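Per-entry structural report
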Amino acid sequence: MNPEHLPEFYANVIDSVGDGVIVLDGDGRVILLNPVAEELAGISRRLSLGQPFSVLFKEDTLLLEMADKSAASGMSISDHENIVLKRGGRITPLSVTVSPLLLGDGSRAGTIVLLKDLTNIRDLEAAVRKADRLSTIGTLAAGLAHEIKNPLGGIRGAAQLLDMELSEEDELRECTRVILKEVQRVNRIVEELLDLASPRSLNLVGVNLHKILAHIVFLQQQATEGKSITFQRQLDPSIPPILADEGRLTQLFLNLIKNAVEAVGENGVIVIASRVVAEYSMTQRGERRSRMVAVEIGDDGCGMTREEMENLFTPFYTTKEKGTGLGLAICQKIVAEHRGMIRVDSEEGRGTTFTILLPIVQ
Ligand SMILES: Nc1ncnc2c1ncn2[C@@H]1O[C@H](COP(=O)(O)OP(=O)(O)O)[C@@H](O)[C@H]1O
Ligand SMILES: [Mg+2]
């Protein structure tokens, strides 16, 4: 059988299949190879036609064993776990099925090898495993945070009492100050952790984003007095109110703007921009294209390395001495609660821009 004689229609069908298809003749030579198979195996159709399968895939012993077994037994054989193709530095996990090619009279004319790329499925599995792990850790952490809150209150109360007992010039007051300051810090970590780990119901109202942003910028301008940090607002006045939880969004943008302030240090420019975009958003029924508001928080601060970018959003990941590493994890949670998206662009030494996309209606 020669693929040249296949009606063009059938050839097109096989070329259009999303999985790799390789057909071998009775002697194990390749007589047909579709574009996906070319791509997965890293071989061209032109060079592989007529070549023995066992030569083209000589490194892939498991695959050859499957072909041999199928040829010997006349049965269809599948492996969804173990086959991995290594081509040009790329590693592709595959699900493979090898079946006999039978003619109308039941006689065997060759073998069909089907290759299904599992890369996306493996990535998805890894993401699910990570999410699972995080949710277990989250439950544990929330329990722990809860347990810490009460004794912490006791320590604070006792330190305050002690502080009041000591006379104004007593040197021990330095110690009570340290206790109170550090208690405050632990308290912040505990609050943030509880925020991250506990489920929330949103209080949805029509929110004026610009009002929230103006308020945060006002507060940050006061907090950074003495430094030369410029806040630039490039807000699109036509943005409608969006249906969202005002308190949660305030926290989201406060976290991002604080990070920008911390990234620029003593001087820099922080840009806060907004616009309406048409984007895909996640809904309960899957993806849908809808109108969204994009808010960008950009800074010309320290930027991030690749490694820092990879760890972003991981709870407790921080590069700051006094950081908690929970701010962005909370941001991500708030954005997910609103069915929005976060994008990050960053270049080491040049700056970072976070883009938040929020659907106008939920
Ligand atoms: N605008 C930014 N510029 C540079 N790095 C940033 C920026 N925002 C966040 N990061 C990095 O992400 C890390 C985690 O941020 P976050 O979750 O807010 O925790 P924290 O601010 O307590 O460190 C930061 O320690 C920093 O390394
Ligand atoms: Mg932060």
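Within each chain, residue numbers correspond to sequence positions counted from 1 in written order. Starting at A for chains and at 1 for ligands, labels are handed out in the order in which the entities are written. It should be noted that, the model being predicted, local features are given only for residues of pLDDT at least 70 and side-chain atom pairs only at 80 or more, the latter also being counted only at that level, while totals for whole chains, interfaces and linings use all residues.

Comments concerning the site of ligand 1
Only the C-beta atom, placed from the backbone, is used; a residue is near a molecule or strand if that atom lies within 6 Å of it. The local shell around ligand 1 holds 23 residues, among which A263, T318, G323, G327 and L328 are the closest. Of all the secondary-structure elements, those providing two or more residues to the shell around ligand 1 are α9 (246-264) and α11 (327-337). The element best represented in the shell around ligand 1 is α9, accounting for four residues. Side-chain classes follow a simple rule in which Ala, Val, Leu, Ile, Met, Phe, Trp, Tyr, Cys and Pro form the nonpolar group, Asp, Glu, Lys and Arg form the charged group, and the remainder, Gly included, forms the polar group. Taken together, the residues that form the shell around ligand 1 break down as nine nonpolar, 11 polar and three charged. Counting from the N terminus, the helices are the DSSP runs of H or I reaching at least four residues and the strands are the DSSP runs of E reaching at least two.

What about the nonpolar core?
For this analysis, nonpolar core means a set of buried Ala, Val, Leu, Ile, Met, Phe, Trp, Tyr and Cys residues linked through C-beta atoms within 7 Å. The exposure scheme places C-beta atoms from the backbone and then counts, for each residue, the other C-beta atoms within 10 Å of its own, assigning buried at 20 or more, exposed at 12 or fewer, and partly exposed in between. L252, F253, L256, I257, A260, I270 and I297 are the most contacted members of the largest nonpolar core, which totals 35 residues. Secondary-structure elements contributing two or more residues to this core are α7 (173-197), α8 (209-223), β8 (242-245), α9, β9 (267-283), β10 (286-299), α11 and β12 (351-359). With eight residues, α9 is the single largest residue contributor to this core. Domain assignment of the residues forming this core places at least three in each of domain 2 (123-197) and domain 3 (204-359). Each residue touching F253, except ones within four places of it in the same chain, is listed here: I212, L213 and I216. Judged by nonpolar contacts, the second largest core, of 22 residues, contains V36, A37, L63 and L85. Marked domain ranges trace back to an automatic or database domain assignment. Contact criterion: two residues are in contact if their C-beta atoms, reconstructed from the backbone, are within 7 Å.

Considerations on the environment of L243
Looking at the secondary structure, you find L243 in strand β8. Taking the number of C-beta atoms within 10 Å as the measure of exposure, L243 has 16 and is therefore partly exposed. When the C-alpha atoms of L243 and V361 are compared, they prove to be 5.5 Å apart, with 118 residues separating the residues in sequence.

Digging into α7
The terminal C-alpha atoms of α7 lie 36 Å apart, and with 25 residues this matches the ideal 36 Å at 1.5 Å per residue to within 8%. Along α7, the positions that sit buried rather than exposed are V190, L193, L196 and A197. A helix is expected to span 1.5 Å multiplied by its residue count minus one.

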